[in-house]
Amino acid sequence: MLVRFVILTVLALSSMSTFSQQVHDHDFYNTHKVQDLETPPNSLSFLVLGDWGRNGHYQQKPVARMMDIVMQQLDGEFIATTGDNFYSNGIASVDDPYWQTSFEQIYDGPNLFEDWYPTLGNHDYRGNWQAQIDYSKHSRRWEFPAPYYAKTFQVGDNSEILMLFIDTNPLNPEYKNRPKYAETQKQDAEKQVNWIKQHLANSKAKWKIVIGHHPLYSSGKRYGKTAGIQQVLEPIFEQYEVDAYFAGHEHDLQHNRPAGKQVEHFVSGAGSELREVQQREFTQYAVSEAGFLTVSVADDTMLVQFVSASGQRLYHYSMGKK
C-alpha cells in the first residue's frame, strides 16, 4: 500500500508540474478560448479587475489564468483595477514580498504583461498606499502615477476615450469617523472633486469612462448603504454625461441601471473572494462568481462582457453612441 501511495503521489505531482509548465504558444491559445466572447473589430479592448490581491488564495489564480487567455483572444491593450489590490492591510513598501506572491507570480501569463492602471481601495489605505504609486518606478507594467489620474485613448478613425481613474476613498463620507481609514481623510477631497469636474467638462472625447473603488449602486452586501458616495459623484457623472462607471468593493459582478439615470454602473469585484448578490430594483445583472469584465470600445459602440474564471461569458451589454 505504501508503494502504491508513493507512485500515485509522484504521478499527481508530475501532472501538476506538467500543467504549471504548459507552453503558452499559439496552439495553447487556439484550444483555450471563451466561447461566444465577441471580439469587435476596430475596437480598443481592456479588462477590469477588482478586489483581487489575496496571495493566490480563493479564486485569484483561476481568474488570473483566464485573464491571460481573454487578453490574447481580445488583443487587449491594458488592465484596469477597481482597487483593493492587496488584502487585508495593503502593503508595507515597494519591497514588500506581497508584490511577488500576490501580483508578479500570479499574473504571469504572457498577455498580462501589458499596462496595468490601478486605483486604490479601502484595504489599500490600511497599508502604505504611497508605495503602490512608487512601485511604478520598479515595474514597467504597473502604471500608477498618482492617487487619481486621467488617460486618453484613440479609438477607431476619429474618436477618443477619456478615462478617469479616481480615488473614491477620501470622497466617501463613510470614512470620516473610522480610525482604520483615517489616512483617507488626509487627502484633499475637494481638490479631487474639482479635478474630476474640470476633466469631464473640458474633454472633447466621445466616450467618458470613470474607474473607482466604491459603487454608487449595489446589488450585493452594501445594498442601501451607498448613499454617501452616490451623493458626491452621481450629480457630476450625470451632468457631464459619463457613459459608464466601473467600481469594485463588492465581491461579485454587477450591472446596475437606476431608473431615470443615464450612466451605466458596473461592478467588477470578483477577482478572488466572493459574496452573495440579490436582484434589486435597478439590477440588470448580478452574479456571485469569480471573474472580471472586458470592455471593447469602437467609434460608435461600447461592449461590456462578464467572464468567469471557468471561461464562460456570463453576460454582455452593448451601448451605442452616434
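None of these values were measured; they are calculated from a predicted model.

1. Some thoughts on the environment of Y29
At step 1: Among the secondary structure elements, Y29 is positioned in helix α2 (residues 26–31).
At step 2: The class of Y29 is buried, set by a relative accessible area of 5%.
At step 3: Separated by 220 residues in the primary sequence, Y29 and H249 have C-alpha atoms spaced 31 Å apart.
At step 4: Excluding anything up to four places from it in sequence, Y29 contacts H24, D68, I69, Q72, P110 and N111.
At step 5: Only 3.0 Å separates the side chain of Y29 from the side chain of N111, close enough to count as a polar contact.

2. So, the confidence of the model for the protein
Caution is warranted with low-pLDDT regions, since their predicted coordinates should not be read in detail.
At step 1: For the protein, the average pLDDT comes to 94, and 93% of its residues sit at 70 or higher.
At step 2: Within the protein, helix α1 (residues 2–20) has the poorest average pLDDT of any element, 45, and strand β3 (residues 115–117) the best, 99.

3. Examining the sheet that holds strand β11 (residues 291–297)
At step 1: Pairing in this open sheet of six strands is mixed, and the strands run β3-β2-β1-β11-β12-β13 from one edge to the other. In this open sheet, the two strands that pair with only one neighbour each are β3 and β13 (313–320). Between one strand axis and the next, the sheet turns by 20° as a mean value, whatever way the strands run.
At step 2: Here strand β1 (residues 44–49) runs beside strand β2 (residues 78–81); their pairing, made up of four bridges, is parallel. Opposite L49, over in β2, you have T81 as the bridge partner.

4. A word on the packing of helix α6 (residues 189–202) against helix α7 (residues 227–239)
At step 1: It is at 10 Å that the axes of α6 and α7 come closest, and there the two elements cross at 15°. Classed by the angle they form, the pair α6 and α7 counts as roughly parallel. Considering only the axes of α6 and α7, their crossing is right-handed. Across from V193, I196, K197 and L200 in α6, the residues of α7 making contact are V232, L233 and I236.
At step 2: Looking at the contact of α6 with α7, its residues break down into six nonpolar, no polar and one charged.

5. Quick notes on the nonpolar core
At step 1: M67, Y107 and F246 are the most contacted members of the largest nonpolar core, which totals 69 residues.
At step 2: Sorting elements by how many residues they give to this core places helix α3 (residues 60–74) first, with eight residues.
At step 3: Residues contacting F246, with those up to four places away along its chain left out, are V48, T82, I209, V210, I211, G212, F266, L293, V295 and V304.
At step 4: Counting residues in hydrophobic clusters, the runner-up holds 23 residues, among them L164, W195, L216 and F237.

6. So, α3
At step 1: Counted at 1.5 Å a residue, the expected span for α3 with its 15 residues is 21 Å, and the 21 Å between its end C-alpha atoms agrees.
At step 2: Most of α3 is tucked away: 11 of the 15 residues are buried.
At step 3: By the burial criterion, the buried members of α3 are Q60, V63, A64, M66, M67, D68, I69, V70, M71, Q73 and L74.
At step 4: Downstream of α3 by one or two residues, D75 has phi in the positive range, about 55°.

7. Overview of the pairing of strand β9 (residues 264–268)
Working note: regular strand, side chains alternate between the two faces of the sheet.
At step 1: Taking burial as the measure, the five residues of β9 include five buried ones, the bulk of the element.
At step 2: Here β9 shows two buried faces, one formed by E264, F266 and S268 and the other by H265 and V267.
At step 3: Relative to β9, strand β7 (residues 244–247) runs parallel, the two being bridged by four bridges. When the bridges of β9 are listed, A247 appears paired with V267.
At step 4: Bridge analysis of strand β8 (residues 253–256) against β9 gives four bridges, and the strand direction is antiparallel.

8. Quick notes on the environment of M71
At step 1: Within the secondary structure layout, M71 lies in helix α3.
At step 2: You can call M71 buried: its relative accessible area is 3%.
At step 3: A C-alpha to C-alpha distance of 9.7 Å links M71 and G109, two positions 38 residues apart in sequence.
At step 4: Not counting the four nearest positions on each side in its chain, M71 is found in contact with L47, G76, E77, F78, I79, N111, L112 and E114.

9. Things to note about the side chain of D115
At step 1: One can find D115 in strand β3.
At step 2: Here the side chain of D115 touches R140 through a polar contact of 2.7 Å, side chain to side chain.
At step 3: In contact with D115, other than residues within four places in its own chain, are E77, F78, I79, R140, R141 and E143.

10. Side note on the packing of aromatic side chains
At step 1: Tallied over the entire structure, the rule returns 36 aromatic pairs.
At step 2: On the basis of an interplanar angle of 10° and a centroid distance of 4.6 Å, the ring pair of F46 and F78 is categorised as stacked. Of the two residues, F46 is situated in strand β1 and F78 in strand β2; the sequence distance between them amounts to 32 residues.
At step 3: Look at F78 and F153: their rings are 4.8 Å apart centre to centre, the planes differ by 15°, and that puts the pair in the stacked class. Residue F78 is found in strand β2, and its partner F153 is found in strand β4 (residues 149–155); the two are separated by 75 residues along the sequence.
At step 4: For F78, a relative accessible area of 2% translates into the label buried.

Calculation notes
Residues numbered from 1 in each chain as written. Predicted model: local features only at pLDDT ≥ 70, side-chain atom pairs only at ≥ 80, totals over all residues. Heavy atoms only, no water. Helix = DSSP H or I, 4+ residues; strand = E, 2+ residues; numbered from the N terminus. Buried < 20%, exposed > 50% of the residue type's maximum accessible area, 1.4 Å probe, protein only. Contact = heavy atoms within 4.5 Å. Polar contact = N/O pair within 3.5 Å; in protein donor to acceptor, adjacent residues only side chain to side chain. pLDDT = per-residue confidence, 0-100. Pairing = 2+ DSSP bridges. Axes fitted to C-alpha atoms, helices over the stretch in contact; angles between N-to-C directions. Parallel < 35°, antiparallel > 145°, perpendicular 65-115°, else oblique. Left-handed = near helix turned anticlockwise from the far one by under 90°. Nonpolar A, V, L, I, M, F, W, Y, C, P; charged D, E, K, R; others polar. Core = buried A, V, L, I, M, F, W, Y, C linked by side-chain atoms within 4.5 Å. Expected span 1.5 Å × (residues − 1). Phe/Tyr/Trp six-rings, centres within 6.5 Å; stacked < 30°, edge-to-face > 60°.

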